[in-house]
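Structural features, examined
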Amino acid sequence: MIKISQLNKSFGDLHVLKNIDMTVYESDVVCLIGSSGSGKSTLLRCLNFLERKDNGNIIIEGNEVNPRTDDLNKIREKVGMVFQNFNLFPHKTVLENIIEAPVMVKGVDKEKAIIKAKQLLKKVGLEDKSDVYPSKLSGGQKQRVAIARALAMEPDIMLFDEPTSALDPELVGEVLTTMKDLAEEGMTMVVVTHEMGFAKEVADWIVYMHDGRIIERGTPEQFFNHPKEERTREFLTATMLK
Amino acid sequence: MPSFSHFFQILMETKGVFFKAMLLTLELTVVSILLGIIIGLVFALLKISNIKILELISDIYVYLVRGTPLIVQIFILYFGISGIFLLPDFWAASLALALHNGAYISEILRGAIQSVDNGQFEAGRSLGMTKTLTLRRIILPQAFRRALPPLGNQFIISLKDSSLAAFISMNELFNVATTLGSNNFDEMTYLLIVAVYYLLLVALMTFVVNRTELKLAVSDR
């Protein structure tokens, strides 16, 4: 569904993504892991064009995307994103957060959008919070609302940028459960995460990045139990996963 | 120094004429602030547009307005424009005040807009919202909330700046005070009286701004 080839991205002198090749198929759950500075968040953000690539190709659903001429807004309607810092709209209630984009971007009838929003809230376990403002929610609740908000646009693919990194350990579980449910429903997901337990259990593919390159890619079984590259082994040892 | 009973007597006697002047002062202030917010918003958006020529236009405007005294601006607008076409003095004063406020307000709004976390903008974009839609629905509402204290401040400054309209013969508070004061050879009393009126207006404005801040803060705290 998404194919990246020879992607390069630099911030000034810093060459952050080096000749990245990656393919994500429908219903795949891909976990991008690696240390800070490896480029995994940047790669994720290139997938919805929040970051502009310097060169290389990004092919979505068989069509190569040209950031200069194509309507990126239309593409972003189909690519949902969940941020580490939730980024809920503080001046709107939970319900208003979720219906904002469907109503204002897709022109969905407000009443219909509210019905859908309530269904999504039920799905993430927060149906009683619809008229609450984000400031009154816990981190885990905020993130689940953020997931519902992204799902409201009925995306083909969901991107998660370290969704649990800013959460208290006790609140991580509820968010991972929601993500696991989503994966089991067949959503295509690309997740940047440090939660190795989640990656082992839910991912179809683990992609390990270091210093701007993809070092190794494999199923959880292959990756954690039979890593091929030296760098991968070092990483797994250092994170005490071996 | 005049006695307090004298002061109070004149205060009561002149209620009518000062009240009328006070209304004019308020009109000038409110109109110039509202226009100033519109002008300020336009130039703030130009400044953050990332288009060099638009940023330059904004910089020039802000520099010219902040770099010259308000009284000079009022005179230029009033005497200059009336050479070209007849601008009624209320609108000359209001326009000059609005353009003046606009420069300061544009910096207030620019700061407020830029203080909104970039993640808000990214969240809007990632949902498929255009830059304009995100600005309108997500960024500006939050920015205005943050801009209220400095905007309230500008409101009060603008009230006092309106006194300069006296110099183009408008019968606002300051003009009435100095005219009556010199006619009655009693400048001090009338100046003190007009100070009371200004204090009342500022108290009223402060109250309104505080109430607005409280109302809008419901969602945040």
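Worth saying up front: this structure is predicted, and the values here are computed from it rather than measured.

**Considering the overall build of chain B**
- Scanning chain B from N- to C-terminus turns up 9 helices and 0 strands.
- For chain B, the α and β elements follow one another from N to C terminus as α-α-α-α-α-α-α-α-α.
- Each principal axis of the C-alpha atoms in chain B carries an extent, and together these give about 70 × 45 × 25 Å.
- Out of the 221 residues belonging to chain B, those deemed buried represent 45%.
- Taking as baseline every contact in chain B between residues at least 6 positions apart, the subset at least 24 positions apart corresponds to 77%.
- Carbon and sulfur atoms make up 69% of the accessible area of chain B, which amounts to about 11500 Å² in all.

**Structural notes on the interface of chain B and chain A**
- Taken together, the contact between chain B and chain A spans 22 residues of the former and 25 residues of the latter.
- Regarding the contact of chain B and chain A, the summed buried area is about 2000 Å², with carbon and sulfur atoms giving 56% of it.
- Summed over the shared surface of chain B and chain A, the result is 2 salt bridges.
- One salt bridge connects E100(A) with R137(B), and the closest N-O pair in it is separated by 2.7 Å.
- Counting the contacts that link chain B with chain A gives 6 residue pairs in polar contact (both at pLDDT 80 or more).
- When contributions to the side of chain B that touches chain A are tallied by element, the ones reaching two or more residues are α6 (118-126) and α7 (131-161) of chain B.

**Side note on the nonpolar core**
- If you look at the biggest cluster of nonpolar residues, it comprises 73 residues, and the most contacted ones within it are L43(A), V190(A), F18(B) and L173(B).
- Of the residues forming this core, the biggest block, 11 residues, is contributed by α7(B).
- With sequence-adjacent residues up to four places away left out, V190(A) is seen in contact with V24(A), V30(A), L32(A), L44(A), L47(A), I157(A), M158(A), L159(A) and F160(A).

**Structural notes on the side chain of T29(B)**
- Summarising the element assignment, T29(B) is placed in helix α2 (residues 15-47).
- For T29(B), the contacting residues outside a window of four places in its chain are F155(B), S158(B), L159(B), S162(B) and M205(B).

**Overview of the packing of aromatic side chains**
Residue and element names in this part refer to chain B.
- This structure, assessed with the given rule, holds 11 aromatic pairs over all chains.
- Aromatic side chains F75 and F79 sit 5.3 Å apart centroid to centroid with 80° between the ring planes, which places their arrangement in the edge-to-face category. Of this pair, F75 and F79 are both found in helix α4 (residues 70-84), 4 residues apart, which corresponds to roughly one turn of the helix.
- Since its relative accessible area comes to 32%, F75 is described here as partly exposed.

**A short note on the pattern of salt bridges**
- As enumerated under the stated definition, the model contains 14 salt bridges over all chains in all.
- One salt bridge in this structure joins E51(A) and R45(A), with 3.0 Å as the shortest N-O distance.
- Among the residues examined, E51(A) registers a relative accessible area of 14% and is labelled buried.
- Given the relative accessible area of 13%, R45(A) is considered buried.
- A salt bridge links R45(A) to E122(B), with the shortest nitrogen-to-oxygen separation between them at 2.7 Å. Taken together, the positions of R45(A) in helix α1 (residues 40-47) and E122(B) in helix α6 put the pair across two chains. Of the two residues, R45(A) and E122(B), both sit in the buried class.
- Because the salt bridges share partners, they merge into one network encompassing R45(A), E51(A) and E122(B).

**What about the packing of α2(B) against α7(B)?**
Residue and element names in this part refer to chain B.
- α7 packs onto α2 with a crossing angle of 140° between their chain directions and a minimal axis gap of 11 Å. By the angle between their directions, the pair α2 and α7 is classed as oblique. Here α2 runs over α7; the crossing is right-handed. Where α2 approaches α7, its residues T25, T29, V30, S32, I33, I37, L41 and L45 are matched on the opposing element by L135, L140, F144, Q154, F155, S158 and L159.
- Classifying every residue of the contact of α2 with α7 by side-chain character gives 10 nonpolar, 5 polar and no charged.

**What to know about α6(B)**
- Burial runs high along α6(B): 7 of the 9 residues are buried.
- Just downstream of α6(B), G128(B) is the residue with a positive phi angle, here 90°.

**Here's the deal with the UniProt feature "transmembrane region" (unreviewed entry) in chain B**
- The sites that carry the UniProt feature "transmembrane region" (unreviewed entry) are, in the present numbering, residues 28-48, 60-87 and 188-209 of chain B.
- In the segment residues 28-48 of chain B, helix accounts for 95% and strand for 0%; the C-alpha atoms at its two ends are 30 Å apart.

**Focus: the packing of helix α1 (residues 4-13) of chain B against helix α9 (residues 187-216) of chain B**
All names here are of chain B.
- Interhelical geometry of α1 versus α9 gives an angle of 65° and a closest axis separation of 10 Å. Along this stretch, α1 crosses α9, giving a crossing that reads as right-handed. Note on element contacts: α9 touches α1 through T189, Y190, L192, I193, V196 and Y197, opposite H6, F7, I10 and L11.
- Broken down by class, the residue content of the contact of α1 with α9 amounts to 8 nonpolar, 2 polar and no charged.

**Describing the sheet that holds strand β4 (residues 55-60) of chain A**
All names here are of chain A.
- Ordered in space as β2-β1-β4-β5, the 4 strands form an open sheet in which the pairing is antiparallel. Pairing within the sheet leaves two strands with one partner each, and these edge strands are β2 (14-24) and β5 (63-64).
- Those strands touched by α1 are β1 (2-11), β2 and β4, and its axis lies near 120° from that of β1.

**Focus on unusual backbone geometry**
Residues and elements named next belong to chain A.
- At S27, a residue that is not glycine, the phi angle is positive and equals roughly 70°.
- In this structure, S27 sits in the loop between β2 and β3 (29-34).
- A positive phi is found at E61, a non-glycine position, where the angle reads about 50°.
- The residue E61 is located in the loop between β4 and β5 in this model.

**What about the environment of A147(B)?**
Residues and elements named next belong to chain B.
- For A147, the location among the structural elements is in helix α7.
- In sequence terms A147 and K131 are 16 residues apart; their C-alpha atoms lie 21 Å from each other.
- A147 has contacts with I108, L109 and A112, leaving out every residue within four places of it along the chain.

The rules behind each value
- Residues numbered from 1 in each chain as written.
- Chains lettered and ligands numbered in written order.
- Predicted model: local features only at pLDDT ≥ 70, side-chain atom pairs only at ≥ 80, totals over all residues.
- Heavy atoms only, no water.
- Helix = DSSP H or I, 4+ residues; strand = E, 2+ residues; numbered from the N terminus.
- Buried < 20%, exposed > 50% of the residue type's maximum accessible area, 1.4 Å probe, protein only.
- Contact = heavy atoms within 4.5 Å.
- Areas by Shrake-Rupley, 256 points an atom, 1.4 Å probe, with all protein chains shown as cover.
- Buried area = accessible area lost by both parts, 1.4 Å probe.
- Salt bridge = Lys/Arg side-chain N within 4 Å of Asp/Glu carboxyl O.
- Polar contact = N/O pair within 3.5 Å; in protein donor to acceptor, adjacent residues only side chain to side chain.
- Core = buried A, V, L, I, M, F, W, Y, C linked by side-chain atoms within 4.5 Å.
- Phe/Tyr/Trp six-rings, centres within 6.5 Å; stacked < 30°, edge-to-face > 60°.
- Axes fitted to C-alpha atoms, helices over the stretch in contact; angles between N-to-C directions.
- Parallel < 35°, antiparallel > 145°, perpendicular 65-115°, else oblique.
- Left-handed = near helix turned anticlockwise from the far one by under 90°.
- Nonpolar A, V, L, I, M, F, W, Y, C, P; charged D, E, K, R; others polar.
- UniProt positions renumbered as here; feature names shortened; annotations may be inferred.
- Pairing = 2+ DSSP bridges.

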